[in-house]
Amino acid sequence: MKKVILVLMICIPSLMGYSQTKQESIKELFHVMQQDSIMDKMFSTMIPSMINQMKSQHPINDSLANARSNELMKATMQTTKVILKKMMDEDMVALYDKYFSQKEINDYIAFYKSPSGQKFIKVTPDISKDLMEIMMQKYIPEIQNAIKTKVEEMKMSEKK
């Protein structure tokens, strides 16, 4: 019994140390991936696109109302950034810890430090911006039309 307790006393601290080291590695990975910077760039490009999209769907002729809409959108995005930062620092670390081994985290760190990884980091916000524009121009109207059609179908079936 004394041997079991001794083994546990030796193993538990080393396992706890492993977990901390792995979580620190995950945080290093996020740092190397420039997650904060990418998120900031994505939001700075998304906000104007979303404001323009909102204006095109709901035109407001009143300049005061336009200013308030812009202010609301910016405040909402700022709140969203704070929440996403918290999610990254807490929940994403836990998820990466759950799904990736220490070796895999180390491999990802090595990749993101490489020239190819750095390019991937650099172009990701541009890809996201372009994809958002494509989605807003090409697919959102299609989705909206499908919703309108379905609503009309539902109204027609209710009349019968």
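Residues numbered from 1 in each chain as written. Predicted model: local features only at pLDDT ≥ 70, side-chain atom pairs only at ≥ 80, totals over all residues. Heavy atoms only, no water.

**Brief notes about the confidence of the model for the protein chain**
Low pLDDT marks stretches whose predicted atomic positions should not be read closely.
Moving on, step 1. On average, residues of the protein chain score 81 in pLDDT, and 74% of them are at 70 or above.
Moving on, step 2. Per-element averaging of pLDDT across the protein chain places helix 1 (residues 2-32) at the bottom with 66 and helix 4 (residues 102-113) at the top with 95. (pLDDT = per-residue confidence, 0-100. Helix = DSSP H or I, 4+ residues; strand = E, 2+ residues; numbered from the N terminus.)

**Some points on a nonpolar patch on the surface**
Moving on, step 1. A cluster of nonpolar side chains, Ile 134, Met 135, Tyr 139, Ile 143, Ile 147 and Val 151, forms an exposed patch at the surface whose accessible area comes to about 520 Å².
Moving on, step 2. For Ile 134, the position within the fold is in helix 5 (residues 115-159). (Patch = residues over 30% accessible without salt bridge, like charges linked within 9 Å, V, L, I, M, F, W, Y side chains within 5 Å. Areas by Shrake-Rupley, 256 points an atom, 1.4 Å probe, with all protein chains shown as cover. Salt bridge = Lys/Arg side-chain N within 4 Å of Asp/Glu carboxyl O.)

**Some words on the side chain of Lys 22**
Moving on, step 1. Mapped onto the fold, Lys 22 is located in helix 1.
Moving on, step 2. When its relative accessible area of 6% is taken as the criterion, Lys 22 is described as buried.
Moving on, step 3. A polar side-chain atom of Lys 22 sits 2.6 Å from the main-chain carbonyl oxygen of Asp 97.
Moving on, step 4. Non-local contacts of Lys 22, meaning those with residues more than four positions away in its chain, are made with Tyr 96, Asp 97, Phe 100, Ser 101 and Gln 102. (Buried < 20%, exposed > 50% of the residue type's maximum accessible area, 1.4 Å probe, protein only. Polar contact = N/O pair within 3.5 Å; in protein donor to acceptor, adjacent residues only side chain to side chain. Contact = heavy atoms within 4.5 Å.)

**Focus: the packing of aromatic side chains**
Moving on, step 1. Per the stated rule, a full pass over the model turns up 5 aromatic pairs.
Moving on, step 2. When the ring of Tyr 96 is compared with that of Phe 100, the centres are 5.1 Å apart and the planes differ by 50 degrees; the resulting orientation is tilted.
Moving on, step 3. Overall, the relative accessible area of 17% leaves Tyr 96 in the buried class.
Moving on, step 4. Given a relative accessible area of 24%, Phe 100 falls into the partly exposed group.
Moving on, step 5. Summarising the aromatic geometry, the rings of Tyr 112 and Phe 120 are spaced 6.2 Å apart at their centres and angled 55 degrees between planes, so their arrangement reads as tilted.
Moving on, step 6. Following the ring pairs from residue to residue traces out a cluster consisting of Phe 30, Tyr 96, Phe 100 and Tyr 108. (Phe/Tyr/Trp six-rings, centres within 6.5 Å; stacked < 30°, edge-to-face > 60°.)

**Quick notes on helix 5**
Moving on, step 1. A rise of 1.5 Å per residue sets the reference length of helix 5, with its 45 residues, at 66 Å; its end C-alpha atoms lie 63 Å apart and thus fit the reference within 8%.
Moving on, step 2. By the largest-angle criterion, Tyr 139 marks the main kink of helix 5, which is about 40 degrees, and a proline, Pro 141, follows within four residues. (Expected span 1.5 Å × (residues − 1). Bend = angle between axes of the 7 residues up to and from the residue.)

**Thoughts on the pattern of salt bridges**
Moving on, step 1. Applying the stated criterion to the full structure yields 6 salt bridges.
Moving on, step 2. The salt bridge involving Asp 89 is made with Lys 85; its shortest N-O contact spans 2.9 Å. On the criterion of helical spacing, the pair formed by Asp 89 and Lys 85 is a turn pair, its members being 4 residues apart in helix 3 (residues 63-99).
Moving on, step 3. A relative accessible area of 36% places Asp 89 in the partly exposed class.
Moving on, step 4. For Lys 103, the salt bridge identified is with Asp 107, shortest N-O distance 2.9 Å. With Lys 103 and Asp 107 both in helix 4 and 4 residues apart, the pair spans about one turn of that helix.
Moving on, step 5. Overall, the relative accessible area of 57% leaves Lys 103 in the exposed class.

**A closer look at the nonpolar core**
Moving on, step 1. Core analysis: the largest hydrophobic core is formed by 11 residues, namely Ile 26, Leu 29, Phe 30, Val 32, Met 33, Val 93, Tyr 96, Ile 105, Ile 109, Tyr 112 and Ile 121.
Moving on, step 2. Elements with a contribution of two residues or more to this core: helix 1, helix 3 and helix 4.
Moving on, step 3. Setting aside anything within four residues of it in sequence, one finds Val 32 in contact with Ile 109, Tyr 112, Lys 113, Gln 118 and Ile 121. (Core = buried A, V, L, I, M, F, W, Y, C linked by side-chain atoms within 4.5 Å.)

**Here's the deal with helix 3**
Moving on, step 1. Along helix 3, the largest kink reaches about 40 degrees and is centred on Met 88.
Moving on, step 2. Along helix 3, the residues classified as buried are Asn 66, Ser 69, Met 73, Met 77, Lys 81, Met 88, Val 93 and Tyr 96.

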